[in-house]
Amino acid sequence: QKEVEQNSGPLSVPEGAIASLNCTYSDRGSQSFFWYRQYSGKSPELIMFIYSNGDKEDGRFTAQLNKASQYVSLLIRDSQPSDSATYLCAVGQRDTDKLIFGTGTRLQVFP
Amino acid sequence: DAGITQSPRYKITETGRQVTLMCHQTWSHSYMFWYRQDLGHGLRLIYYSAAADITDKGEVPDGYVVSRSKTENFPLTLESATRSQTSVYFCASTVRQGATYEQYFGPGTRLTVT
């Protein structure tokens, strides 16, 4: 059974801090990695995807991938209360859109 | 307006009834997906489609049927609803263009089976 594991949280950080969200996966053949944000009662929204080892930055978000350790993380710099949401990690084979999702980490950013 | 829509947004049905959830996208994305989201399980893929008339099973396909006669529509049918199919159902579409990847989810359908 291919698995994607996330700490359910909540992860509480003060406004302006860096929030670090982590995800591990079991399938060594995984080649595509995605982070989504989901506000309560809303649909998921794709934030970032990463295919290669290392870091990928987009604005305040940085995705970090370490395939050897089967670990992917999302850093949110200068966290804002509006970042408070559940963050979902998803993993898949390259060139296929069949993704396995983690159960999500709830992030709370307090003023 | 361009986007991905689902209908109905809320549905209550009885055990054993057939229910169809509709999904429509305006981008002509080739890939479309149906997920269900339950507490403690996250999002699980039910079925997906790579193009019109091409569908394939996901993680949890039992009890569901899909069709895709047109690129823009991807209905999901529960042939004989069971209480375990009470869930929030999300439709999604994706497109890959070189190194870019876009994915959009519909607003969801909250289904209750009594």
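Reading the values: the criteria
Residues numbered from 1 in each chain as written. Chains lettered and ligands numbered in written order. Predicted model: local features only at pLDDT ≥ 70, side-chain atom pairs only at ≥ 80, totals over all residues. Heavy atoms only, no water. Helix = DSSP H or I, 4+ residues; strand = E, 2+ residues; numbered from the N terminus. Rg over C-alpha atoms; globule rule 2.2 N^0.38 Å. Buried < 20%, exposed > 50% of the residue type's maximum accessible area, 1.4 Å probe, protein only. Contact = heavy atoms within 4.5 Å. Areas by Shrake-Rupley, 256 points an atom, 1.4 Å probe, with all protein chains shown as cover. Polar contact = N/O pair within 3.5 Å; in protein donor to acceptor, adjacent residues only side chain to side chain. Core = buried A, V, L, I, M, F, W, Y, C linked by side-chain atoms within 4.5 Å. Disulfide = S-S within 2.5 Å. Phe/Tyr/Trp six-rings, centres within 6.5 Å; stacked < 30°, edge-to-face > 60°.

Visitor: Explain the overall build of chain A to me, and be specific about the residues and the numbers.
Guide: Along the backbone of chain A there are zero helices and 11 strands. Traced from its N-terminal end to its C-terminal end, chain A shows the element sequence β-β-β-β-β-β-β-β-β-β-β. In summary, chain A has a C-alpha radius of gyration of 13 Å against a globular reference of 13 Å for 111 residues, a match within 12%. Within the span of chain A, comprising 111 residues, buried residues form 47% of the whole. The long-range fraction of contacts in chain A, counting pairs at least 24 apart against all pairs at least 6 apart in sequence, stands at 56%. Working note: accessible area of chain A is about 5200 Å², and carbon and sulfur atoms make up 45% of it.

Visitor: Got a sec to walk through the overall build of chain B? Specific residues and values, please.
Guide: A count of helical and extended segments in chain B gives zero helices and 11 strands. In chain B, the succession of α and β elements from N to C terminus is β-β-β-β-β-β-β-β-β-β-β. A compact globule built from 114 residues should have a C-alpha radius of gyration of about 13 Å, and chain B, at 14 Å, falls within 12% of that. Its C-alpha atoms give chain B principal-axis dimensions of roughly 45 × 30 × 30 Å. Within chain B, buried positions represent 46% of all 114 residues. Pairs at least 24 residues apart make up 54% of the contacts formed inside chain B by residues separated by at least 6 positions.

Visitor: Give me the lowdown on the side chain of Gln37(B), citing residues and values where you can.
Guide: Looking at the element boundaries, Gln37(B) is found in strand β4 (residues 31-38). What makes Gln37(B) buried here is its relative accessible area of 19%. Within polar-contact distance, the side chain of Gln37(B) engages the side chain of Gln38(A) at 2.9 Å. Every residue in contact with Gln37(B), bar those within four places of it in the chain, is listed here: Gln38(A), Leu88(A), Gly42(B), Leu43(B), Ser87(B), Val88(B) and Phe90(B).

Visitor: So what's going on with the nonpolar core? Which residues, and what values?
Guide: By size, the foremost hydrophobic cluster in this structure holds 24 residues, and its most contacted members are Trp35(A), Val72(A), Leu74(A), Ile76(A) and Tyr87(A). Elements that contribute at least two residues to this core include exactly β3 (19-25), β4 (32-38), β5 (45-50), β7 (61-66), β8 (71-76), β9 (85-92) and β11 (105-110) of chain A.

Visitor: Can you tell me about the state of the cysteines, naming the residues and giving the values?
Guide: On inspection of all chains with the given rule, the structure shows two disulfides over all chains. With a sulfur-sulfur separation of 2.1 Å, Cys23(A) is cross-linked through a disulfide to Cys89(A). The disulfide joining Cys23(A) to Cys89(A) has a torsion of about -75 degrees about its S-S bond and is therefore left-handed. With Cys23(A) in strand β3 and Cys89(A) in strand β9, the pair connects residues that are 66 residues apart, well separated along the chain. Taking relative accessible area as the criterion, Cys89(A) reaches 0% and is therefore assigned buried. Covalently, Cys23(B) is tied to Cys91(B) through a disulfide, its sulfur atoms 1.8 Å apart. Measuring the twist about the S-S bond at about -75 degrees, one finds the Cys23(B)-Cys91(B) disulfide to be left-handed. Of this pair, Cys23(B) sits in strand β3 (residues 19-25) while Cys91(B) sits in strand β9 (residues 87-97), and the two are 68 residues apart along the sequence. Since its relative accessible area comes to 0%, Cys91(B) is described here as buried.

Visitor: A description of the packing of aromatic side chains should follow, citing residues and the corresponding values.
Guide: Counting across every chain of the model gives 16 aromatic pairs over all chains. Note on Phe33(B) and Tyr48(B): the rings are 6.1 Å apart at their centroids and 15 degrees apart in plane angle, and the pair reads as stacked. Of this pair, Phe33(B) sits in strand β4 while Tyr48(B) sits in strand β5 (residues 42-51), placing them 15 residues apart in sequence. Summarising the burial analysis for this pair, Phe33(B) and Tyr48(B) share the class buried. Plain terms: the ring middles of Phe90(B) and Phe105(B) are 6.3 Å apart, the flat faces sit at 85 degrees to each other, and that makes the pair edge-to-face. Residue Phe90(B) is located in strand β9, and its partner Phe105(B) is located in strand β10 (residues 100-105); the two are separated by 15 residues in the primary sequence. Taking relative accessible area as the criterion, Phe105(B) reaches 9% and is therefore assigned buried. Among the aromatic residues, those joined into a cluster by ring pairs are Phe34(A), Tyr36(A), Phe49(A), Tyr51(A), Phe101(A), Tyr31(B), Phe33(B), Tyr35(B), Tyr48(B), Phe90(B), Tyr101(B) and Phe105(B).

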